[in-house]
Amino acid sequence: MLQDYEVQIPIIQRDYAQGRKSQKEIRHNFLKALQGCLNNSEPIKLDFIYGSVIEGKFQPLDGQQRLTTLFLLHWYAATKDGVLSKPEVCSILEKFSYETRISSREFCKALVEESISEIRKEHVLSESIIDENWFYLSWVRDPTIDAMLRTIDAIHKIFFDVDRLFDKISSDLIQFYFVELENLGLTDDLYIKMNARGKLLTPFENFKAGFQKRIDEENWEEGKDFAQRFSTKIDNDWTDFFWDHFRKEDTIDAAQTRFVAAITMIMHSVERFNSTETRVELINQLQEEPSQVRPTHFTKRSFNYLISAFNAYNERVVLTNYLNERLPFPMWRHTPKSSFLSMIVYEENSTSTIQRDSATYTQKVLFFAESVFFKKNDHGTNDIYEDWMRVIRNIVSRADIDKDGSRPDIVRSPQSFDGVINLINELSEGCDDIYQFLASDPSLKSQYARDQINEEIIKAKLITHDINLKETIFNAEDNELLRGKISFLFHCIDYDLTPNNFNVDAFVAVTNVIDKHFDNEKSLNNDIRRAMLTIEVNGIYEFYSYWWSYWHIGQSTKRRLFDRFREIEYCINHEYYREYFKNLTLKLINKSPSQIAEEFISPLSFPNWKLRLIKEKNILDEFNRTNHIAIAEDNSHCFILKSKRPREIEGNLRIE
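Everything numeric here is computed off the predicted structure, so don't read it as measured data.

Concerning the overall build of the protein chain
A count of helices and strands for the protein chain gives 29 helices and ten strands. Taken against the 2.2 N^0.38 rule, which gives 26 Å for 656 residues, the C-alpha radius of gyration of the protein chain at 35 Å runs more than 25% over that of a compact globule. Counting only residues that meet the buried cut, the protein chain has 55% of its 656 residues in that class. If you sum the accessible surface of the protein chain, you get close to 30,100 Å²; carbon and sulfur atoms cover 45% of it. For the protein chain, the centre of its 83 positive side-chain charges and the centre of its 102 negative side-chain charges are spaced 4 Å apart.

Examining the packing of helix α17 (residues 382-396) against helix α20 (residues 450-465)
Where α17 meets α20, the closest approach of the two axes is 10 Å, and the angle between their N-to-C directions is 145°. Note that α17 runs across α20; the crossing there is right-handed. Listed contacts from α20 to Val391, Asn394 and Ile395 of α17 are Gln452, Ile453, Glu456 and Lys459.

Re the layout of surface pockets
What the largest pocket holds in volume is close to 1,200 Å³. With six residues, helix α9 (residues 203-218) is the single largest residue contributor to the lining of the largest pocket. Per-class residue counts for the lining of the largest pocket are twelve nonpolar, eight polar and 17 charged. Looking at the second largest pocket, its volume works out to about 690 Å³. In terms of lining residues, the second largest pocket is bounded by 22 residues, among which Met1, Leu2, His74, Ile92 and Ile169 are the most central. Of all elements in the fold, only α2 (64-80), α3 (87-93), α7 (165-169) and β5 (174-180) reach the threshold of two or more residues within the lining of the second largest pocket. Considering only residue class, the lining of the second largest pocket consists of 14 nonpolar, five polar and three charged.

Comments concerning the nonpolar core
Ranked by size, the top nonpolar core spans 145 residues in total, and within it Phe230, Phe259, Trp388, Phe518 and Phe581 carry the most contacts. The greatest single-element share of this core, amounting to ten residues, is contributed by helix α12 (residues 253-271). When near neighbours in sequence (up to four residues on either side) are disregarded, Phe230 contacts Ile102, Phe211, Gln212, Ile215, Glu221, Trp238, Phe303, Leu306 and Ile307. The next biggest cluster of nonpolar side chains, apart from the first, holds 57 residues, and it includes Tyr98, Ala110, Leu125 and Ile145.

Some remarks on the pattern of salt bridges
Taken as a whole and judged by the stated rule, the model has 42 salt bridges. Linking Glu477 and Arg390 is a salt bridge whose minimum nitrogen-to-oxygen distance equals 2.7 Å. Taken together, the residues span a long stretch of sequence, with Glu477 in helix α21 (residues 469-477) and Arg390 in helix α17 at a distance of 87 residues. A salt bridge links Arg412 to Asp400; its shortest N-O distance comes to 3.2 Å. Linking Arg412 in the loop between α17 and α18 (414-427) with Asp400 in the loop between α17 and α18, this pair joins segments that are twelve residues apart in sequence. Residue class for Asp400 comes out partly exposed when judged on its relative accessible area of 38%.

Some thoughts on the sheet that holds strand β7 (residues 556-560)
Across the sheet, five strands lie side by side as β6-β7-β8-β9-β10; this open sheet has antiparallel pairing. Lying at the two open borders of the sheet, with one neighbouring strand each, are β6 (549-551) and β10 (653-655). Each strand axis lies, on average, 35° off the axis of its neighbour in the sheet, ignoring direction. For β7 and strand β8 (residues 628-632), the ladder comprises five bridges, and the chain directions are antiparallel. What sits directly across from Ser556, in β8, is Ala632. Those strands touched by helix α28 (residues 608-615) are β8, β9 (638-640) and β10, and its axis lies near 35° from that of β9.

Re the environment of Leu67
Mapped onto the elements, Leu67 comes out in helix α2. Considering only alpha carbons, one finds Leu67 and Glu6, 61 residues apart in sequence, at a separation of 12 Å. Once you skip the residues sitting within four places of it in the chain, Leu67 turns out to touch Met1, Val7, Ile49, Phe58, Pro60, Phe96 and Phe176.

Remarks on the packing of aromatic side chains
Under the definition given, this model contains 56 aromatic pairs. Ring centres of Phe71 and Phe96 lie 4.4 Å apart, and the angle between their planes is 15°; on these two criteria the pair is classed as stacked. Pair noted here: Phe71 is in helix α2 and Phe96 is in strand β4 (residues 96-98), with a separation of 25 residues, a long-range link. The burial state of Phe71 is the same as that of Phe96; both residues are buried. The ring of Phe160 is capped by Lys80, whose NZ or CZ atom sits 5.7 Å from the centre of that ring. The positively charged end of Arg390 is found above the aromatic ring belonging to Phe329, 4.5 Å away from the centroid.

Analysis parameters
Each chain carries its own residue numbering, running from 1 in the written order of its sequence. In keeping with the predicted nature of the model, local features appear solely for residues at pLDDT of at least 70, side-chain atom pairs appear and are counted solely at 80 or more, and the whole-chain, interface and lining totals rest on all residues. To get the side-chain values, all heavy atoms of the structure are used, and hydrogens and water are removed first. Comment: elements are numbered from the N terminus, with helices defined as DSSP H or I runs of at least four residues and strands as E runs of at least two. As defined in this context, the radius of gyration uses C-alpha atoms, and a globule is described by 2.2 Å times the residue total to the power 0.38. Relative accessibility thresholds used throughout: buried, under 20% of the residue-type maximum; exposed, over 50%; partly exposed, between the two (1.4 Å probe, protein chains only). Every accessible area reported is derived by Shrake-Rupley at a probe size of 1.4 Å, with residue values counting cover from the shown protein chains alone. A residue counts as positive if it is Lys or Arg and as negative if it is Asp or Glu; His and the chain ends are not included. Taken as the charge location is NZ of Lys, CZ of Arg, CG of Asp or CD of Glu. Helix axes are fitted only over the stretch in contact, all axes being lines through C-alpha atoms; the angle between N-to-C directions runs from 0 to 180 degrees. Two helices crossing with the near one rotated counterclockwise from the far one by less than a right angle form a left-handed crossing, whereas a clockwise rotation gives a right-handed crossing. Pairs of residues are marked as contacts when any of their non-hydrogen atoms sit within 4.5 Å. Detection works on a 1 Å grid of protein atoms alone, calling trapped sets that fit a 1.4 Å probe cavities and calling open sets with protein on both sides within 12 Å along at least five of seven lines pockets, with lining residues defined by an atom within 4 Å of a point. Grid points are joined across faces, edges and corners, and a volume is the space filled by probe spheres set on the points. Under the scheme applied, nonpolar residues are Ala, Val, Leu, Ile, Met, Phe, Trp, Tyr, Cys and Pro; charged residues are Asp, Glu, Lys and Arg; polar residues are all the others, including Gly. The definition of a nonpolar core used throughout is a set of buried Ala, Val, Leu, Ile, Met, Phe, Trp, Tyr and Cys residues joined through side-chain atoms within 4.5 Å. Basic side-chain nitrogens of Lys or Arg form a salt bridge, by our definition, when they fall within 4 Å of a carboxyl oxygen of Asp or Glu. Following DSSP output, two strands are said to pair if at least two bridges run between them. For this analysis, a ring pair means two rings from Phe, Tyr or Trp (six-membered ring only for Trp) whose centres lie within 6.5 Å, classed as stacked if their planes differ by under 30 degrees, edge-to-face if by over 60, and tilted for the remaining angles. In this scheme, Lys NZ or Arg CZ marks a charge over a ring once it lies within 6 Å of the ring centre and within 35 degrees of the ring normal.

This is how it looks when you write it as structure tokens:
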């Protein structure tokens, strides 16, 4: 058969099962039957072996186990009798290969080309093979190789004493019926049904085999040293790396799949060779199910990026304390338990109802930002890495703030993911000194997050103008309310975007106000609400008009006195309502909220109910449970609402 065809165990076939520990009796009986045939010169027929010949390669549908055992027996006989080195023998046995795993295929090839020097009766051949310098230790985790080694040991025990073994096995004593199935159209389903009792390959194992085929067909590794090739690295260095740090229930397939899928999503947005619709569809597909990643999703450029990412993280984890390092500034809801890499490959996404096996879009964006930095800065200092990641944090921490305080992430769709990846790819040109790069007013094609990019440029120009401003700006960015977006502070000090005119003392003063009074959910209190009622914009004292609903029962307009902390973020980024907060912030530089309320002198037109809310501290402290009021149409009174949607007048405190 090997003289006429290459025999290739196809990707979809199961592992070599005859060498499993559980198959000892079947293996022993089969080998003893072959031994009896050779010793007694009694022909034996091994039934039918059939499959399809595709481009000169025979792919068995049934007969994989028998053919594999016969291949191992031929290798043993040729090695034992010293004829494996003959070109006519070696070239024949080289025509048998396994495609189920890259490691299985490489093992079969090395077994024939490299082999072992000699066979003695006292040898345990599996140990001798493992000790050879061509054998990669990670191969022992390949079920097919493990089974082959066990079968080789069994062959050694049974056939060592058979004289002229290679001559006998090369005769026609051992036979089988060969049937080529033409035009059968062998499908994956048929292979699975034929092998339903065997162990199916995992999706990642199938991916690796198909990926290696694409790499070979496209000559992506032409001229590359064997030790640096994908097939070698994925079955050795990278597997060891993932096994040491990211295995779960003694498997790393899911971790590696998530890693590869994340790179695929990222590079489709970077390369942009497909239409937006096609990119978005693929990104969405891989976000929901990473195991859908396919070799056809890669180009040579994305393949090279995958290689560089594998190598970069492998080297960093080995050489540094990467997995335990933390950025020295808050990442808020995007803070990883361990590292950005661990978010991608290991940690479950508990924030999503459907993406349980996939990191969030934002987590993948942060991973890309880090990986592209590692790729471009092999020996970059911590400072430039932290500066780069800080800018990215500011971009992805933006949110679509609603007036009711909800704050959904800005990167929460395949479209936004596609946009921000494209932006970060452009910014990465200057990741080795991001502030110098931004200060040069780079020409960016991406329009994503343009307002935040403009702010980052403003900050970069200040930092490059005066390095001492760096820490001052960083302190402002790290505020819980602002979360990297500090345009409100610039607005408070009327900054004209000319670095020479920047009033650092005023900036520090307003930053201190925000830090003192608006740094967490608990900082929102009734003193702040009373102080806000004293603030006017163009003579109007109605900060609460940012939210509106009509209360038909009381024939009045419902308003909110800041029920949730994030409503403040909505207001300070609103073109009109930010003015109320600007005026309050400037007053808070020198006074406390309670002082502002106590010292307030109302104009003649000021409604009495509002003045009472300001001056009578107990009204809000004792009766305000919902932070909702209802204001009469004639502004003569208000109700302190007992619930957010009261169905009757009774129980709501009327203030006149």
